[in-house]
Protein chains: 2
Amino acid sequence: MNIAIMGYGVVGSGVAEVLKKNHASIVKRSTQDSLELTRILDLRDFPDDENEKLFTKDFKDILNDDSIGIVVETMGGVHPAYEFVLDCLKAGKSVVTSNKELVAAKGYELLKAAEEKNVNFLFEASVGGGIPIIRPISSCLAANEIDEIAGILNGTTNFILTKMINEGLTFDAALKIAQELGYAERDPSADVEGKDACRKICILASLCFGNHVYPDEVYTEGITKITLADVEYAKAWGGVIKLIGRATRYGDGKISAMVSPAFIQGHSQLAGVDDVFNAILVRGDAIGDVVFYGRGAGKLPTASAVVADVIDCARHTVRRKLFGWDDSIADYVVNYLDIKHPFFVRAKAADIEAAKQSVSALFGDVQYLTYEGAAADEIGFITNTVAQREFDEKIAKADFEVGSVIRVTDY
Amino acid sequence: MNIAIMGYGVVGSGVAEVLKKNHASIVKRSTQDSLELTRILDLRDFPDDENEKLFTKDFKDILNDDSIGIVVETMGGVHPAYEFVLDCLKAGKSVVTSNKELVAAKGYELLKAAEEKNVNFLFEASVGGGIPIIRPISSCLAANEIDEIAGILNGTTNFILTKMINEGLTFDAALKIAQELGYAERDPSADVEGKDACRKICILASLCFGNHVYPDEVYTEGITKITLADVEYAKAWGGVIKLIGRATRYGDGKISAMVSPAFIQGHSQLAGVDDVFNAILVRGDAIGDVVFYGRGAGKLPTASAVVADVIDCARHTVRRKLFGWDDSIADYVVNYLDIKHPFFVRAKAADIEAAKQSVSALFGDVQYLTYEGAAADEIGFITNTVAQREFDEKIAKADFEVGSVIRVTDY
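Residues numbered from 1 in each chain as written. Chains lettered and ligands numbered in written order. Predicted model: local features only at pLDDT ≥ 70, side-chain atom pairs only at ≥ 80, totals over all residues. Heavy atoms only, no water.

A.B. asks: When you look at unusual backbone geometry in this model, what are you seeing that I'm missing?
C.D. replies: Negative phi values dominate among residues other than glycine, just as trans dominates among peptide bonds. A cis geometry characterises the amide bond from H79(A) onward to P80(A), with omega recorded as 5°. Structurally, the position occupied by P80(A) is in the loop between β4 (68-73) and α4 (81-90). Here D331(A), not a glycine, exhibits a phi torsion of approximately 55°, which is positive. Along the chain, the position of D331(A) falls in the loop between α12 (299-315) and β13 (340-341). Even without being a glycine, T31(B) presents a positive backbone phi close to 60°. Of note, T31(B) is situated in the loop between α2 (23-30) and β2 (36-41). The partly exposed category is assigned to T31(B), whose relative accessible area is 31%. (Helix = DSSP H or I, 4+ residues; strand = E, 2+ residues; numbered from the N terminus. Buried < 20%, exposed > 50% of the residue type's maximum accessible area, 1.4 Å probe, protein only.)

A.B. asks: Would you mind showing me how to read the packing of aromatic side chains here?
C.D. replies: Both the distance between ring centres and the angle between the ring planes are used here to describe each pair of aromatic rings. All names here are of chain A. The final tally for this structure, using the stated rule, is 39 aromatic pairs over all chains. The structure contains a cluster of three or more aromatic residues connected by ring pairs, namely F343, F363, Y368, F381, F391 and F400. K106 extends its terminal NZ or CZ atom over the ring of Y82, reaching a point 4.7 Å from the ring centre. (Phe/Tyr/Trp six-rings, centres within 6.5 Å; stacked < 30°, edge-to-face > 60°. Lys NZ or Arg CZ within 6 Å of the ring centre and 35° of its normal.)

A.B. asks: In this structure, what is going on with the pairing of strand β9 (residues 239-249) of chain A? I would like to understand it.
C.D. replies: Each regular strand displays side chains that alternate between the two surfaces of the sheet. All names here are of chain A. Within β9, 10 of the 11 residues are buried, leaving the element largely enclosed by the surrounding structure. Alignment of strand β7 (residues 146-152) against β9, held across four bridges, turns out to be antiparallel. If you follow G151 over to β9, its bridge partner there is G245. Sheet analysis places β9 next to strand β10 (residues 255-265), joined by 11 bridges and oriented antiparallel. Counted as the bridge partner of L243 is P261 from β10. Between β9 and β10, which pair antiparallel in sequence order, lie five residues; one of them, G253, sits at a positive phi of approximately 85°. (Pairing = 2+ DSSP bridges.)

A.B. asks: Can you help me understand helix α13 (residues 352-363) of chain B in this one?
C.D. replies: Structural remark: α-helix, 3.6 residues per turn; residues separated by three or four positions point the same way. Residues and elements named next belong to chain B. In a regular helix each residue adds 1.5 Å, so 12 residues correspond to 16 Å; α13 covers 16 Å between its end C-alpha atoms and thus fits that length. Of the residues making up α13, those classed as buried are A355, S358, V359, L362 and F363. Angularly, the buried residues of α13 cover 100° about the axis, an arc narrow enough to put them on a single face. The exposed residues of α13 that point more than 90 degrees off its buried face are E353, Q357 and A361. In this structure, the buried residues of α13 make contact with β15 (367-369), β16 (378-382) and α14 (388-396). Looking at where α13 begins, the residue whose side-chain oxygen comes 3.1 Å from the main-chain nitrogen of E353 is D351. Just downstream of α13, G364 is the residue with a positive phi angle, here 70°. (Expected span 1.5 Å × (residues − 1). Arc of directions from axis to C-beta. Contact = heavy atoms within 4.5 Å. Polar contact = N/O pair within 3.5 Å; in protein donor to acceptor, adjacent residues only side chain to side chain.)

A.B. asks: How should I be thinking about the interface of chain B and chain A in this particular structure?
C.D. replies: Often, the extent of an interface is quoted as the loss of accessible area on bringing the components together. Across the boundary between the two partners, chain B contributes 45 residues, which contact 45 residues of chain A. Between chain B and chain A, roughly 3900 Å² of surface is buried when both sides are summed, and carbon and sulfur atoms account for 54% of that area. Viewed at the interface, chain A and chain B are joined by two salt bridges. Taking the shortest distance from any N to any O, the salt bridge between K21(B) and D285(A) comes out at 2.5 Å. Taken together, chain B and chain A are joined by 18 residue pairs in polar contact (both at pLDDT 80 or more). Of all the secondary structure elements, the ones that give two or more residues to the side of chain B that touches chain A are α1 (10-21), α2, α6 (134-140), β12 (288-295) and α12 (299-315) of chain B. Pairing of strand β12 (residues 288-295) of chain A with β12(B) involves three bridges; the strand directions are antiparallel. (Buried area = accessible area lost by both parts, 1.4 Å probe. Salt bridge = Lys/Arg side-chain N within 4 Å of Asp/Glu carboxyl O.)

A.B. asks: Can you help me understand the relation of the copies chain B and chain A in this one?
C.D. replies: Turning one copy of the chain about an axis and sliding it along that axis gives the other copy, so a rotation and a shift relate them. Overlay of chain B on chain A (RMSD 0.0 Å): rotation 180°, translation along the axis 0.0 Å. In symmetry terms, the pair is related by a two-fold rotation axis. Residues of chain B ranked by C-alpha distance from the rotation axis are headed by F292(B), positioned 2.4 Å from it. Here 100% of the contact residues of chain B are again contact residues in chain A; the copies associate through an equivalent surface. (Least-squares fit on C-alpha atoms with pLDDT ≥ 70 in both.)

A.B. asks: Teacher, can you tell me more about the sheet that holds strand β5 (residues 94-97) of chain A here?
C.D. replies: Either a parallel or an antiparallel arrangement is found when strands of a sheet pair, and the pairing is made through backbone hydrogen bonds. All names here are of chain A. Across the sheet, which stays open at both edges, the six strands sit in the order β3-β2-β1-β4-β5-β6 with parallel pairing between neighbours. At either end of the open sheet lies a strand with only one pairing partner, and these are β3 (55-56) and β6 (121-122). Where strand β1 (residues 2-6) and strand β2 (residues 36-41) come together, five bridges link them in parallel fashion. When the sheet's bridge partners are listed, N2 is paired in β2 with E36.

A.B. asks: What exactly am I supposed to notice about the packing of helix α2 (residues 23-30) of chain A against α12(A) here?
C.D. replies: In a pair of packed helices, the angle between the axes and the distance between the axes together describe the arrangement. All names here are of chain A. At a minimum axis separation of 8 Å, α2 and α12 run at an interaxial angle of 40°. Classified by the angle between their axes, α2 and α12 sit oblique to one another. Where α2 abuts α12, its residues I26, R29 and S30 lie against V307, I311, A314 and R315. Partitioned by chemical class, the residues of the contact of α2 with α12 number four nonpolar, one polar and two charged. (Axes fitted to C-alpha atoms, helices over the stretch in contact; angles between N-to-C directions. Parallel < 35°, antiparallel > 145°, perpendicular 65-115°, else oblique. Nonpolar A, V, L, I, M, F, W, Y, C, P; charged D, E, K, R; others polar.)

A.B. asks: Looking at this model, I keep getting lost on the sheet that holds strand β6 (residues 121-122) of chain B. Mind explaining?
C.D. replies: If you trace the six strands from one edge of the open sheet to the other, you get β3-β2-β1-β4-β5-β6 (chain B), paired in parallel fashion. Each of the sheet's edge strands pairs with one partner strand only, and the pair in question is β3 (55-56) and β6 of chain B.

A.B. asks: I tried to follow the pattern of salt bridges on my own but got confused; where do I start?
C.D. replies: Oppositely charged side chains may form a pair once their charged atoms are brought near each other. Residues and elements named next belong to chain B. Counting across every chain of the model gives 50 salt bridges over all chains. In this structure, K112 engages E116 in a salt bridge whose closest nitrogen and oxygen atoms are separated by 3.7 Å. Residue K112 and its partner E116 are both found in helix α5 (residues 100-117); the two are separated by four residues, about one turn of the helix. As a salt-bridge pair, K176 and E180 come within 3.3 Å of each other at their nearest N and O atoms. Placement of both K176 and E180 in helix α8 (residues 171-180) is noted, with a separation of four residues, approximately one turn of the helix. Note on accessibility: K176 and E180 belong to one class, exposed.

A.B. asks: Got a minute to help me understand the state of the cysteines in this structure?
C.D. replies: Formally, a disulfide is one covalent bond, and it connects the sulfur atom of one cysteine to the sulfur atom of another. Residue and element names in this part refer to chain A. Applying the stated criterion to the full structure yields zero disulfides over all chains. Free cysteine C202: the closest other cysteine sulfur is in C198, separated by 4.3 Å. Residue classification places C202 among the buried residues on the basis of a relative accessible area of 0%. Cysteine C208 is unpaired, with the sulfur of C202 as its nearest cysteine sulfur at 12 Å. (Disulfide = S-S within 2.5 Å.)

A.B. asks: Whenever I open this one, the side chain of T248(B) confuses me. Can you help?
C.D. replies: The topology assignment puts T248(B) in strand β9 (residues 239-249). Excluding residues that lie within four positions of it along the chain, T248(B) makes contacts with D147(B), E148(B), F209(B), K254(B), I255(B) and S256(B).

A.B. asks: Is there a simple way to think about the pairing of strand β11 (residues 277-284) of chain B in this case?
C.D. replies: All names here are of chain B. Counted residue by residue, β11 has seven buried out of eight residues, so it is predominantly covered. The sheet contact formed by strand β7 (residues 146-152) and β11 spans six bridges and is antiparallel. Note that in β11 the partner of I149 across the bridge is V282. Inspection of the sheet shows β11 paired to β12 by eight bridges, in the antiparallel sense. Residue F277 lies in a different strand from β12, and its bridge partner there is R295. In textbook terms, the turn of a hairpin is the stretch between consecutive antiparallel strands, and for β11 and β12 this stretch comprises three residues.

A.B. asks: Would you take a moment to explain α5(B) for this structure?
C.D. replies: All names here are of chain B. At K106, α5 shows its maximal kink, close to 80°. Within the sequence span of α5, burial applies to L102, V103, A104, G107, Y108, L110, L111, A113 and A114. Structurally, α5 contributes buried residues whose contacts are with β4 (68-73), α4 (81-90), β5 (94-97), β6 and α10 (195-209). The N-capping residue of α5, defined by a side-chain oxygen 3.2 Å from the backbone nitrogen of E101, is N99. Looking one or two residues beyond α5, the residue adopting positive phi is N118, at roughly 55°. (Bend = angle between axes of the 7 residues up to and from the residue.)

Right under this line is the structure:
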């Protein structure tokens, strides 16, 4: 059986590298007589690349080659990745992708196309890089009703927050280091605005809860407004600030899904996840909390997840049963304004006592936080659990100047 | 398709409970028309149990019932579990077990019997309770050459060590609490002597490295000799003491495997694993370090892993390809005396300066540790990396009285 790669960037070239490096054991595990990379689609030229002879700029060279049974899509973006993947599936080829944007936008359509042709569409690498998460959820946790999933899903923002927490760097200074190290793009918005994490929580929520959740249904807030004062208040509370993607199943068949910075308790398994590492917590009714931890990005970790899917496609030339999810349904994802949390608030107040009276009038008893070096004209407090809508209405009436609002988790 | 359970103890009754509680979704995921529990084998009587009508004391009622396609073995122990499981496999039934003692002692024979009849022998629940680990290693990490595996594999000992570390309780006091809470048996030796962790690292090493590793090939040391002074020295070093099972692949086709208390660095993902939780670190050549964390024991977590295997057996009525390992081979597991580590040593010394001179003469430069409240006639130090054999020879020549010797890890 032959393999093609579409997109020879970081991940695609990593896939070629892993296929070559561990070739003998990969072929053995695939249970095929052979498993060879025979075509690479990329519009760019790669002179002197060791795979030079395999390159093509014409997608049809892959689509019309019946010897190619498995296509790896590592182009990124929705178009033309979507059209190419759909054509491959319709032609009876299994497809493996690491493209979270594609799966979050078009997962249902592509899963359905795969089902119709009895081939596989797999995407382990689209969430958590090399961390096994898609397959454990669909297989190992099959005896559980999953109630909640929450994770540190973006390595770039976690690196920035770690620098802010451990070294006291500002957001801008930490971002600059991340860019210098190649962890952040020159335009870092997809990471720091939470869009990347949003795509991943869409995929996880779709898989765990059964219906496609689209990015535009998920309230998404990034980390650009987090200040060092917020970091210090979180420490005073006994925790850390992390960018968390989470989704919860409600009893009435609805779910919630959102991405935002959040206060995480210091003893949580998510609190100790530093630098570019990712971790995903799954809460099942029988198993309790399970956490999966590892490198959420990077050439070889991501490539190894892609290749594991390739091996799976080669072992199971017919479709894995019941892998995937159903179409989206109306009124499935609850409005974020109805989601309840405790909120951390940092506010400027020329008159501290007057501000505290305003806080009491609005929110009743709250937990005040302070730290050594806090600004004298500032208060920090955590409210009781309250719906976002109610919180927003109350905070609009405050006669103090709100600096930061950060949600507080119970994990 | 029908299911039988052999052994209606904590895990067996939990399997019945999970099968009932999530029945509809389990049947759907199994892709069978039905999936019913129809027989339970146990020599004890369970009057008024809701499954009362299903009980039998005669194994043949399961063996000779052709409607039973999947048998769950939750009896524990090697005999007669081995004979029963073997007979079921030979009769063409798939078997799922949570019995680590059975898999560590007879895994190869049973995998071979399953292969001969093209049925499944699955044991996700035998390591890490409900934590998905066996399947992720065999599927998700298939593109990796696994170089090392290390874990906190026993919840009872981890609970005891956590009480010693966080609350300053002695080993005996912590053990007593573990017994009162039902975490430790009245005879706690299988846990505290490391035998349970040994069985689990045997299973993991067999799966990761390809040949059966038997418990008697694995050097195993428990936690009964760990003192509060050792705990304090570990803190002074910047870490904690955990009971670690680990296995490493060497370049020459050999492996090492051992169970012992060890100094773990404070920033390690294994350091924050407290109470009865388990965590398993897998180091792959492409993926780097991945950690799986969750409840390593308990009725429902373990049962949910068993039921996930049952669902897998129902989905795939023919054997999963290439799952398992080969027979043991001679000279495969290296002698523990040849394994190299840094060692922590705690020693009594009436004359500290003389003792330090002796240390220098034996081990060259070492890292001395101390903590507030340390005994005045005691030294604690960490040697450079040295083979156990060499360490033993040197320490035998010491003219100070050795209290504790604990291995130091690099994770």
